[in-house]
Structures are given as structure tokens and as C-alpha cells.
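Commentary on secondary and tertiary structure
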Amino acid sequence: MAATHHTGRQQGGHQIERNHRHLIDDDHIMGQRVQFIPAETAARAGTQEGMQYVCAAIADPGDVALIPDPCYPVFRASTLLAGATPHYYPLTEDHDFLPHVADIPDDVADRAKYMIVSLPANPVGSVGTPKIYSEIIAFAKAHDIVVIHDNAYSDVVFDGPR
């Protein structure tokens, strides 16, 4: 029954944008205060649709993209559709299944146009920390990389509200 009241997936992009404009006008996304330019913001029906647009807008054929391994298959597919070459960074138990940017070679990072980050990570369940986000941001700035953060599970709470 809830799906019949949902204002997103069954409607086209323009209707989605009208229905979610209040999120942009209030400068809040998923309960977090953010700074952005509303004219440069577009709501999409989900990661599958949005990821294709973003990857195509950022990458040119032959560019490198940094993608987590394992990852949501759309990350790889959208990168390949954009003509970019995926370089996978592993999410391993040694690093609590979190991105470890120190392991990404500088020559690869220097050629990368974007890095996809998905935290909490599906399918491994790792949750980002302020330290991890700081490392990712510093890495991205040092190598002039756009960070695409798919935070589809950001409202999942494991140990109570924060």
C-alpha cells in the first residue's frame, strides 16, 4: 500500500524534482545540512538512473574511474557505458571493508576522473567514519578526483539515533 503513495519511482524525472524540491530549498538531504547549488541539482528515481547520468557527464572514453570491489553492479555498468575504464579498489577485512585510498597507486589516481564511494557499503555492510571520509576527501583533492557518494543506506541505524 505504501508504494501507491510514493512520489518517486513510478513518475518521470520532472515530477520527482517538483515533489522533492523542498529538500533542496531547505538545504537538507537525508537529515544532513549540506551546501549546494539548487540549479545544479537533479533528483532521480534511484542510483541506476542517476549513476548513468553522472558517469557520462564526468568521464570521457578512456578515462579511469575508481570503483569499490565488491560493489553494486550499476557502478561498473555506468562506468563502462560512459566509456571509462574501471580500476577497482578492494574493500577488505584488513581495513574493516572500508576504502583504503593509500593502496590506490598514484599513477592510477592521477588519471582517475571520479571515485565511487558507497557507505554504508552494500554488500559488505561497512559504515563510514569521519576519519575515512577525511581520508577520501584529502585523496580526492590531491588527485583532482570527483567523489560520487551513493549513500542509499545512510538512514539505516545500527545502534540508535545519533
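Everything below is about the structure shown above.
Quick look at the structure, then. The numbering scheme is per chain: residues are counted from 1 as the chain's sequence reads. Predicted model: local features are reported for residues with pLDDT of at least 70 only, side-chain atom pairs are reported and counted for 80 or more only, and whole-chain, interface and lining totals are derived from all residues. For side-chain calculations, the full set of non-hydrogen atoms in the structure is used, while hydrogens and water are omitted.

**Here's the deal with the packing of aromatic side chains**
Each Phe, Tyr or Trp ring (for Trp, its six-membered ring) is paired with any other whose centre lies within 6.5 Å, and the angle between the two planes then decides the class: stacked below 30 degrees, edge-to-face above 60, tilted in between. Taken as a whole, this structure holds one aromatic pair when the rule is applied. Taking the centre distance of 5.8 Å and the plane angle of 85° together, the rings of Tyr72 and Phe75 count as edge-to-face. For the exposure calls, accessible area comes from a 1.4 Å probe over protein chains only, and a residue counts as buried if that area is under 20% of its type's maximum, exposed if over 50%, partly exposed in between. Assessed through its relative accessible area of 1%, Phe75 is described here as buried.

**Quick notes on the environment of Val74**
Where helices and strands are cited, they refer to DSSP runs of H or I of at least four residues and of E of at least two residues respectively, numbered from the N terminus. Tracing the chain through its elements places Val74 in helix H4 (residues 73–81). Contact definition: two residues touch when any of their heavy atoms are within 4.5 Å. Sequence-distant contacts of Val74, that is, excluding residues within four places in its chain, are made with Thr47, Gln48 and Met51.

**With respect to the packing of helix H3 (residues 47–58) against H4**
To define axes, lines are fitted to C-alpha atoms, for helices over the stretch in contact only, and angles between the resulting N-to-C directions are given on a 0 to 180 degree scale. For the pair H3 and H4, the least separation of the axes is 8 Å and the interaxial angle reads 35°. The handedness of the crossing between H3 and H4 comes out as right-handed. Contacts from Thr47, Gln48, Met51, Gln52 and Cys55 in H3 reach Val74, Phe75, Ser78, Thr79 and Leu81 in H4. Under the convention adopted here, Pro, Cys and the residues Ala, Val, Leu, Ile, Met, Phe, Trp and Tyr are nonpolar, Asp, Glu, Lys and Arg are charged, and Gly plus all remaining residues are polar. Looking at side-chain class alone, the contact of H3 with H4 contains five nonpolar, five polar and no charged residues. Crossing handedness is read from the near helix: turned anticlockwise from the far helix by less than a right angle, it gives a left-handed crossing, and turned clockwise, a right-handed one.

**Focus: the pairing of strand E5 (residues 112–117)**
On any regular strand, side chains alternate: one points to one face of the sheet, the next to the other face. E5 sits mainly inside the fold: five of its six residues count as buried. Pairing between two strands is assigned when DSSP locates at least 2 bridges connecting them. For strand E3 (residues 64–69) and E5, the ladder comprises three bridges, and the chain directions are parallel. Counterpart to Val64 in the pairing with E5 is Ala112. Sheet analysis places E5 next to strand E6 (residues 146–149), joined by four bridges and oriented parallel. Bridge pairing in E6 places Ile116 opposite Ile148. Assessed by its sense of winding, the connection that carries the chain from E5 through helix H6 (residues 130–143) to E6 is right-handed. Handedness rule for crossovers: strands pointing away from the viewer, path from the first strand over the helix to the second running clockwise, crossover right-handed.

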